[in-house]
Amino acid sequence: MSAELLIAHAKQLVTLAGPARPRTGEEMRTLGIIEDGAALVRDVEIIASGPTSEIEPMADARALRIDARNKVVMPGFVDAHTHPVFTGTREDEYEMRSAGLTYQEIAQRGGGILSTVRKTRRATEEELFEMALPRVRWMLEHGTTTIEAKSGYGLTVEDELKILRVIRRLDRETPLELVPTFLGAHEIPDEYRGSPRSIGSREDYIKLVIEEMLPRVASERLAEYADIFCESHVFTVEEARSVLERAKSLGLGIRFHADQLSCGGGAHLAAELEASTADHLEWTDEEGIESLRRAAVMPVLLPGAVFNLGLTRYAPARAMIEAGLAVVLATDFNPGSSPTPSMQMILSIACAQMRMTPAEAVTAATINAAYSLNRGARLGSLEAGKQADIVIFDAADYRQIPYLFGINHASVVIKSGRIVVDRRAGPHSVTESQIQ
Ligand code: NIG
Ligand code: FE
């Protein structure tokens, strides 16, 4: 007899049911909400979702039952852009930014990405795995059940492969699902910067990425996607084109950091290469949006980085939605620009600062994010046949999730039909009588 789980009487069962493709325009505001809804799970799969009155009679008498009265039930968040494997935190830079220094100025002074690279190189695979475990736990506890995870803090052949192997191990040995992306072109490492102790030029580093790293990553099947930090002070559009074309020829998908701190033609390059996604896009203009639309590239917006860097220019989410782009939201979880694992926080920033509606934000963080990772057929909605990645939120309306910001609303998190987080009556939970 296979195991059944019935989640019943949800105040709102937010199904995201709809066409089997990324959602655009008005579709992003259509959540397929069922009041007093239920989902029936058998093993790893949702076998039915709908009104409790219809679904409950289908359940086996021995099914495990969760009463979701006064709760919101939604698909697990899919976080389509993260950098979770690294050593060390950068609260010193956080403080420097409070004192007025910019992200680029800190990088020029030897901080930024390269400071994390220096530390990450010294760590063993085992140490990196151990250090990533609490981050995986934070993500699950906040309702994220799948992430895209980038390398990029190694910047040597062996250190990049080491990080990608850690990502693979986290995917195999924790409940979180990780989709690996190779980001060997995250920065030019110290030893290729033309100092007296350099072992090569920036061109040599790009050659290393193209001729050694990418073929190894592809032949060892360590990544599904390739990324590059295409930005005026990092890699130019021409450099990005050569790296990403090589990645594509090796069978990797393309998703990359574009137009984050300046409008440098990243969106046009994403369209030219038919990338799956173009990420950041804070500086993308109308022509860039039009290029993305024509090539059906999905924009992955990362407002947590804008917020945390103390910047004011967010990606033009409204113009993108109005142009018909299938917008995605992600945390950009990393130790520098966006150290939050919480998709709930990202929804709050997206609604308040980019004027996305709560419904658009939910779509961007679930079904659209799943499609951006080529997993839309399996993840991102609560429909029969989908994998049972489900979150029960302690909220009576899905709009409370971004609205009541800064707290964790996730109560129960289910990955592949299994309860992996249960915060319903944790040791520190405050009972109602204590509040009154
Ligand atoms: O997405 N833009 C490049 N990479 C990260 C920052 C990484 C870091 O500062 O360590 C980002 O913002
Ligand atoms: Fe990033």
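What counts, and where the lines are drawn
Numbering of residues starts from 1 in each chain and follows the order in which that chain's sequence is written. Naming scheme: in the order in which they are written, chains are lettered from A and ligands are numbered from 1. Local features in this predicted model are restricted to residues of pLDDT 70 or higher, and side-chain atom pairs are both shown and tallied only at a pLDDT of 80 or more, whereas totals for entire chains, interfaces and linings draw on every residue. In computing side-chain values, all of the structure's heavy atoms are included and hydrogens and water are not. For two strands to count as paired, DSSP must find a minimum of two bridges between them. By the criteria applied, helices consist of DSSP H or I runs no shorter than four residues and strands consist of E runs no shorter than two, each listed in order from the N terminus. Whether two residues touch is decided by their heavy atoms; if any such pair falls within 4.5 Å, the residues are in contact. Lines fitted to C-alpha atoms define the axes here, with helix axes fitted over just the stretch in contact, and angles between the N-to-C directions of these axes take values from 0 to 180 degrees. Neighbouring residues are identified by heavy atoms, a residue being near a molecule or strand if any of them is within 4 Å of it. Any N or O atom pair separated by 3.5 Å or less is treated as a polar contact, with the protein-specific requirement of one donor-capable and one acceptor-capable atom, and with residues adjacent in sequence counted only for side-chain atom pairs. Each accessible area is a Shrake-Rupley result for a 1.4 Å probe, and residues are judged covered by the shown protein chains and nothing else. Amino acid classes used here: Ala, Val, Leu, Ile, Met, Phe, Trp, Tyr, Cys and Pro are nonpolar; Asp, Glu, Lys and Arg are charged; the rest, including Gly, are polar. For the exposure calls, accessible area comes from a 1.4 Å probe over protein chains only, and a residue counts as buried if that area is under 20% of its type's maximum, exposed if over 50%, partly exposed in between. Sodium, potassium and calcium take a 3.2 Å donor cutoff, other metals 2.8 Å, and in both cases only N, O and S atoms count; water is not among them, so sites may look incomplete. Criterion for a salt bridge: a side-chain nitrogen of Lys or Arg within 4 Å of a carboxyl oxygen of Asp or Glu. Multiplying one less than the number of residues by 1.5 Å gives the expected span of a helix. The arc under discussion is defined with respect to the helix axis, by the directions toward the C-beta atoms.

K.L.:
Looking at this structure, I do not really get the sheet that holds strand S13 (residues 328-329). What am I missing?
P.N.:
Two pairing modes exist for strands in a sheet, parallel and antiparallel, and in both the strands are linked by backbone hydrogen bonds. Ordered in space as S6-S7-S8-S9-S10-S11-S12-S13, the 8 strands form an open sheet in which the pairing is parallel. Looking along the sheet, the strands with just one partner apiece sit at the ends: strand S6 (77-82) and S13. The sheet contact formed by strand S9 (residues 225-230) and strand S10 (residues 253-258) spans 4 bridges and is parallel. In the strand pairing of S10, tyrosine 225 is matched with glycine 253. Across the sheet, helix H6 (residues 157-173) lies against strand S7 (144-150) and strand S8 (177-185), angled at about 170° from S8, the strand it touches most. Helix-sheet contacts for helix H8 (residues 237-249) involve S9 and S10, and the interaxial angle to S9 is about 175°.

K.L.:
How should the site of ligand 1 be read in this particular structure?
P.N.:
Surveying the vicinity of ligand 1 reveals 15 residues, the closest of which are Arg90, Tyr103, Tyr153, Asp332 and Ser337. Here histidine 257 contributes a side-chain N or O atom positioned 3.0 Å from an oxygen atom of ligand 1. One of the side-chain nitrogen or oxygen atoms of glutamine 260 is found 3.0 Å away from a nitrogen atom of ligand 1. Surface burial for ligand 1 is 100%, taken as the share of its 330 Å² of free accessible area covered by protein chains. Taken together, the residues that form the shell around ligand 1 break down as 4 nonpolar, 9 polar and 2 charged.

K.L.:
What exactly am I supposed to notice about the side chain of threonine 120 here?
P.N.:
With respect to the helices and strands, the residue threonine 120 is situated in helix H4 (residues 113-122). Assessed through its relative accessible area of 1%, threonine 120 is described here as buried. Discounting chain neighbours no more than four positions away, the residues touching threonine 120 are Phe86, Thr87, Leu128, Tyr153, Lys162 and Ile163.

K.L.:
Whenever I open this one, the coordination of the iron ion (ligand 2) confuses me. Can you help?
P.N.:
Angles between donor atoms at a metal ideally measure 109.5 degrees for a four-coordinate tetrahedral arrangement and either 90 or 180 degrees for a six-coordinate octahedral one. Around the iron ion (ligand 2), the donor atoms from the protein are His81 (NE2), His83 (NE2), His257 (NE2) and Asp332 (OD), and they sit 2.1 to 2.3 Å away. Read in sequence order, the donor residues coordinating the iron ion (ligand 2) give the pattern H-x1-H-x173-H-x74-D. Residue histidine 83 is located in the loop between S6 and helix H2 (91-98), and its partner aspartate 332 is located in the loop between S13 and helix H13 (343-353); the two are separated by 249 residues in the primary sequence.

K.L.:
Please explain the pattern of salt bridges as it appears in this structure.
P.N.:
A pair can form between side chains of opposite charge whenever their charged atoms are brought close. If you walk through the whole model with that rule in mind, you get 34 salt bridges. For glutamate 56, the salt bridge goes to arginine 65, with nearest N and O atoms at 3.9 Å. For glutamate 56, a relative accessible area of 31% gives the class partly exposed. Between arginine 216 and glutamate 220 there is a salt bridge; the shortest N-O distance is 2.8 Å. Because the salt bridges share partners, they merge into one network encompassing Glu177, Glu224, Arg375, Arg378, Asp389 and Lys415.

K.L.:
Can you help me understand H8 in this one?
P.N.:
Between its first and last C-alpha, H8 extends 18 Å over 13 residues, near the 18 Å set by a 1.5 Å rise per residue. For H8, every residue scored as buried is listed here: Val237, Glu239, Ala240, Val243, Leu244 and Ala247. Projected down its long axis, H8 shows its buried positions confined to an angular sector of 150°, all on one face. Among the exposed residues of H8, those oriented more than 90 degrees off its buried face are Glu238 and Ser249. The inward-facing, buried residues of H8 abut helix H7 (202-219), S9, S10 and helix H9 (266-272). Once H8 ends, the next one or two residues include glycine 251, with phi positive near 95°.

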